[in-house]
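# Overview (structure and organization)
Next come the chains, spelled out residue by residue.
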Amino acid sequence: MLHRMQWDIVQGSGQAVRALLEHLQSEQELFASATNTLKMVEAHLLVMAQTLAHLSPLLRQQLVQLDWHGWQQLQQVLEQDVQPRREEVWYGIHALVPATLELMAQLRRRLPAWFEIGY
């Protein structure tokens with residue numbers, strides 16, 4: 001059940017990041033935005049990073065291709081409010097999020113029982 005809850009959190013935040021960015025045309029538009037879009041994107045990235053940091057060792061072993069170091073760095077930058085962090089956030093948006101969603105989807109297809117509610 002924990003795996004399923006973590007899956008739902010990561011998926012939901014990843015999809016929210018995608019939705020927030022779909023109307024933007026460029027990196028400059030995101031970082032120059034007068035709206036709260038960047039703050040919302042960063043909040044979802046932090047939720048993803050924190051959730052991934054708490055995955056069970058069993059799940060982590062199945063996701064060896066995930067950029068664990070990248071997620072850890074992004075989490076630290078966001079939690080400590082390090083500025084500037086444009087490169088880290090951009091890397092998270094365009095590399096970490098898509099790769100993580102794909103790798104987790106592959107794992108769920110390979111081991112569906114791990115993500116059942118009653119597991």
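Owing to the predicted nature of the structure, the values given are computational and were not obtained by experimental measurement.

The end-to-end C-alpha distance of helix α5 (residues 68–79) is 16 Å, a good match for the 16 Å that 12 residues give at a rise of 1.5 Å each. Buried residues of α5: Trp68, Gly70, Trp71, Leu74, Gln75, Val77 and Leu78, and no others. Positioned one or two residues after α5, Asp81 has a phi angle of 50°, which is positive.

Note on placement: Gln62 falls in helix α4 (residues 57–62). According to the relative accessible area criterion, Gln62 is partly exposed, its value standing at 30%. Remark: the alpha-carbon pair of Gln62 and Met104, spanning 42 residues in sequence, is separated by 9.2 Å. Apart from the residues lying within four places of it in its own chain, the contact partners of Gln62 are Leu107, Arg110, Leu111 and Trp114. Within the structure, Gln62 has its side chain in polar contact with the side chain of Arg110 (distance 3.3 Å).

An α-helix turns once per 3.6 residues; consequently, residues spaced three or four apart project the same way. With 20 residues, helix α1 (residues 2–21) should cover 28 Å at 1.5 Å per step; its first-to-last C-alpha distance of 29 Å lies within 8% of that length. Buried within α1 are the following residues: His3, Gln6, Trp7, Val10, Gln11, Ser13, Gly14, Ala16, Val17, Leu20 and Leu21. As for α1, its buried residues are in contact with α2 (27–32), α3 (37–53), α4 and α6 (86–110).

For the coordinates displayed, the defined rule picks out two aromatic pairs. Stacked on the ring of Trp68, the Lys or Arg Arg60 has its end atom at 3.9 Å from the ring centre.

Turning our eyes to something else, we now look at the nonpolar core. Leu45, Leu52, Leu63 and Trp71 are the most contacted members of the largest nonpolar core, which has 33 residues in total. For this core, the secondary structure elements donating two or more residues are α1, α3, α5 and α6. Residues contacting Trp71, with those up to four places away along its chain left out, are Leu45, Met48, Ala49, Leu52, Leu66, Leu96, Val97 and Thr100.

What counts and how
- Residues numbered from 1 in each chain as written.
- Predicted model: local features only at pLDDT ≥ 70, side-chain atom pairs only at ≥ 80, totals over all residues.
- Heavy atoms only, no water.
- Helix = DSSP H or I, 4+ residues; strand = E, 2+ residues; numbered from the N terminus.
- Expected span 1.5 Å × (residues − 1).
- Buried < 20%, exposed > 50% of the residue type's maximum accessible area, 1.4 Å probe, protein only.
- Contact = heavy atoms within 4.5 Å.
- Polar contact = N/O pair within 3.5 Å; in protein donor to acceptor, adjacent residues only side chain to side chain.
- Phe/Tyr/Trp six-rings, centres within 6.5 Å; stacked < 30°, edge-to-face > 60°.
- Lys NZ or Arg CZ within 6 Å of the ring centre and 35° of its normal.
- Core = buried A, V, L, I, M, F, W, Y, C linked by side-chain atoms within 4.5 Å.

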